[in-house]
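# Remarks on the overall topology
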There are 2 protein chains.
Amino acid sequence: MRVYDVIQKKRDREPLDEAEIEFLIRGYTDGSVADYQMSAFAMAVYFNGMSPDELSWFTSAMLHSGDVLTLDEVAGTKVDKHSTGGVGDKISLPLAPAVAACGVPVPMISGRGLGHTGGTLDKLESIPGFNVNMTTADYRRLVRDVGCCLIGQTAELAPADKKLYALRDVTATVDCIPLIASSIMSKKLAEGIDALVLDVKYGSGAFMERLEDAETLARTMVGIGEKMGKQVVARMTNMDQPLGVMVGNALEVKESLDVLHGHGPADIIAITVELGAEMLHLGQVAATVEDGRQQMRAVLSDGRAARKFEQIIEAQGGDPRVVEDPSLLPATDKRVSVKAAKAGVVHAIDAREVGIASMLLGGGRARTDDVIDPRVGIEVHTRIGDAVRAGDELFVLQVGDKGVTDAVARLEACLRIEDAPLEPPSRFGARIDHAGSGPT
Amino acid sequence: MRVYDVIQKKRDREPLDEAEIEFLIRGYTDGSVADYQMSAFAMAVYFNGMSPDELSWFTSAMLHSGDVLTLDEVAGTKVDKHSTGGVGDKISLPLAPAVAACGVPVPMISGRGLGHTGGTLDKLESIPGFNVNMTTADYRRLVRDVGCCLIGQTAELAPADKKLYALRDVTATVDCIPLIASSIMSKKLAEGIDALVLDVKYGSGAFMERLEDAETLARTMVGIGEKMGKQVVARMTNMDQPLGVMVGNALEVKESLDVLHGHGPADIIAITVELGAEMLHLGQVAATVEDGRQQMRAVLSDGRAARKFEQIIEAQGGDPRVVEDPSLLPATDKRVSVKAAKAGVVHAIDAREVGIASMLLGGGRARTDDVIDPRVGIEVHTRIGDAVRAGDELFVLQVGDKGVTDAVARLEACLRIEDAPLEPPSRFGARIDHAGSGPT
């Protein structure tokens, strides 16, 4: 078999078989297929797509390019959640403990933030002592004993995906739905889960701005799951503006604790309840999604979710007292306000700019080796559709020792205030599951 | 400027400007643009093509990626010929001396053979003492003093093309007309020529089998020439079967000498006369192409072309006596015949297989570092449309010390003999010049 022929077939829209796709990915993993061949293949996929069969073989080959974790010894249906990423998206933090508290094991492997997006691991590390670096054995133990873990990669999961992801980033093949879908699914399915809930973002602050594109991505991922024998449900959620109020690491933990105590911003609660309901349903502890919603609301209001989070924190070396005493989280006492320059109605809040402003304060990374300041961030005190008066406080920056001028300038420019009234965007798009998924 | 954006624009069918294309090629030449980026770009070009403007900038950037030769001190309109390659294609050997003998300077830089195709340099080196390795100064001197040179690359011409050519070969982007056209034209126009005649092959033995594809390639190259202010004429010639009788190095020189003496196979004479007539016309020594034909016929029959070849050979260190005494060429006395197994009419002769058979005997290279045996090769004693009887001698192999069994097997299998009579294929397709060239 020659890689030239595999590339040429994809270029010429001829179907590839499983052996050809395995040959390609195995060769790419061991270096016998060069980057310049893989990038030509990726560009051909950009133009010609992949069939559902090809996509499942491709995902499976990437998944098997490294370690594949197993959780067979853990009873129950293991369910994880993956979000395509948004500014202020701290949903994992209240969601995982809440779902685990209802009896569904949640083995959650997360990443770090880069650029305008934050990372779950960075947020968790603002909890004093919290350790996200665990072995594969720890992973199994935590899921078995605590019902949940919130950790970074334990083993080399899907190294072919890691290489391809970096390659796409420099060859204009990032925004290619089959490649995005297989990248996400190969990493998630290497975790040893049984089912997966996807939070697929759309809107001005999302990677896929257009709802139709986001739905195609969702359908593609659900389709891959189906081909690979995993239950996958996707929920489309709006990212026209930052999620919740808080953007930043300790700040987002604090907001998550509010949610775990039955409070917090309405959008965070709503998304946590919806995604949790799907996870409980997939995890077979809720007969229907509506039953799942009721269980989620109960567990968030009666303290069980908060207790579960304490257990998780303790099991991972952190100080569980933060759950009842958020003042133990790192904080800064320097605050800077950004006020409305004129009266009107908020028509747009550029979530990406808010994320970059938080990064500039030290809350995120411009480069992968930047060190994060967990204390800093931005409180977003306005939403699309709000009527504001001149001088209203729109953003409060919790600042450390850098980036204030730049961050303020960006926040001042990131709002669009107009005269006309505006209906706030709806929070949810479609729900996509196996029954509603079509070919890509 | 970022190479990502250049690739993305091509991917998204947005026009590239000259600065972007120069940035891409300059970066590729100096290594700041990686192979994996160039291969993604090449694949995007495969799908989206290049506009005439893009193509001329791309060609120009490759041309200027290395040394650009000048022949300004040589009087007259310098004209070269390029063929897209065929088995038995020794046209350069009689053509260059004949055209030079008519007063048009012919600075001809040729290549070596690989796979089923032979190379002009390899053929010339079968002339005892003939030296194709010349400096840039030699190049100018030969063209000025002798009116012709037949040499290999003197300087680093179009290194970007060299890199891209090798890259395309392993990324399934070989058969892409804009990339083929710019590759050929960048090398040829770096020679310092004023005009160019292209011999674009079509038919079963050609790289472009379909006449329409070959015509598109021809129009594309003529269009590049026009944009770059060079006169370019393309002639389409048939490659359904090997050209002439001889395939092999010394054998092809011998057949070329026949032509230079007014003899030789009709197809070789016809193509030599046609291409020469175009060169004389472009070189402004023939008022019309028809006048050029007459001059070509005259110079081939009255000995002037043969005398010119003697001068060239002498100037390049070879033994000019071979022109009148071909027995001075290396030869083998071992001959093997392939005979017709049955009676019928020849419907097909697979030129590629004949080329590979010659290569297997040692007449060509499977790898670039293989050493050639100049003595060996194949005489093709049948043409499409010929009626043959069982036992007729169809091929004579002039063999050395290897490859005989394999070569015989391939030759036995490369003919298709059927009962129905068949009209021989026409030798020429269209003539394409500036007036007849359209956008690619």
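Residues numbered from 1 in each chain as written. Chains lettered and ligands numbered in written order. Predicted model: local features only at pLDDT ≥ 70, side-chain atom pairs only at ≥ 80, totals over all residues. Heavy atoms only, no water.

So, about the packing of helix α2 (residues 18-30) of chain A against helix α8 (residues 159-168) of chain A. All names here are of chain A. Where α2 meets α8, the closest approach of the two axes is 9 Å, and the angle between their N-to-C directions is 80°. The angle between α2 and α8 places the two elements in the roughly perpendicular class. Every residue of α8 that contacts α2 at I25, Y28 and T29 is listed here: P159, A160, K163, L164 and L167. Per-class residue counts for the contact of α2 with α8 are 6 nonpolar, 1 polar and 1 charged. (Axes fitted to C-alpha atoms, helices over the stretch in contact; angles between N-to-C directions. Helix = DSSP H or I, 4+ residues; strand = E, 2+ residues; numbered from the N terminus. Parallel < 35°, antiparallel > 145°, perpendicular 65-115°, else oblique. Contact = heavy atoms within 4.5 Å. Nonpolar A, V, L, I, M, F, W, Y, C, P; charged D, E, K, R; others polar.)

Quite often, the size of an interface is put as the accessible area lost when its parts meet. At the interface, 24 residues of chain B touch 24 residues of chain A. Counting the surface lost from both chain B and chain A, the interface buries some 1,900 Å², and carbon and sulfur atoms represent 66% of this. Where chain B meets chain A, there are 2 salt bridges. For R11(B), the salt bridge identified is with D175(A), shortest N-O distance 2.7 Å. Linking chain B with chain A are 13 residue pairs in polar contact (both at pLDDT 80 or more). (Buried area = accessible area lost by both parts, 1.4 Å probe. Salt bridge = Lys/Arg side-chain N within 4 Å of Asp/Glu carboxyl O. Polar contact = N/O pair within 3.5 Å; in protein donor to acceptor, adjacent residues only side chain to side chain.)

All names here are of chain B. With respect to burial, strand β11 (residues 393-399) is a largely interior element, 6 of its 7 residues being buried. As paired elements, strand β7 (residues 334-339) and β11 share 6 bridges and run antiparallel to each other. The residue of β11 that forms the bridge with S337 is V396. Pairing between strand β9 (residues 377-380) and β11: 4 bridges, direction antiparallel. (Buried < 20%, exposed > 50% of the residue type's maximum accessible area, 1.4 Å probe, protein only. Pairing = 2+ DSSP bridges.)

The transform that puts chain B on chain A rotates by 179° and translates by 0.2 Å along the axis, for an RMSD of 0.1 Å. Expressed as a symmetry operation, the mapping of one chain copy onto the other fits a two-fold axis. Nearest to the rotation axis, the C-alpha of Y36(B) is located 1.7 Å from it, this being the minimum over chain B. (Least-squares fit on C-alpha atoms with pLDDT ≥ 70 in both.)

Residue and element names in this part refer to chain B. Most of strand β8 (residues 344-349) is tucked away: 6 of the 6 residues are buried. One ladder, built from 2 bridges, connects β8 with strand β10 (residues 387-388); its direction is antiparallel. Directly across from V345, in β10, lies its bridge partner A387. Alignment of β8 against strand β12 (residues 415-418), held across 4 bridges, turns out to be antiparallel. Its bridge partner lying in β12, V345 is registered against E418.

Our next topic: helix α8 (residues 159-168) of chain B. Since there are 3.6 residues in each turn of an α-helix, residues three or four apart along the chain are aligned in direction. Turning to α8(B), its buried residues are P159(B), A160(B), D161(B), L164(B), L167(B) and R168(B). Summarising the contacts, the buried residues of α8(B) are in contact with α1 (3-11) and α3 (35-48) of chain A together with α2 (18-30), α3 (35-48), α4 (52-63) and α9 (177-189) of chain B.

Residue and element names in this part refer to chain A. Partitioning chain A into structural domains gives domain 1 (3-49), domain 2 (79-157 + 166-326 + 428-432) and domain 3 (331-418). For domain 2 versus domain 3, the distance between C-alpha centres works out to 24 Å. Each partner contributes to the interface: domain 2 provides 24 residues, whereas domain 3 provides 26 residues. Carbon and sulfur atoms make up 55% of the area that domain 2 and domain 3 hide from each other, which totals about 1,900 Å². Taken together, the links from domain 2 to domain 3 amount to 2 salt bridges. The salt bridge partner of D267 is R383, with a shortest N-O separation of 2.9 Å. Mapped onto the side of domain 2 that touches domain 3, the elements with two or more residues apiece are β6 (246-248) and α11 (249-260). When its residues are assigned to classes, the side of domain 2 that touches domain 3 shows 11 nonpolar, 9 polar and 4 charged. (Domains from an automatic or database assignment.)

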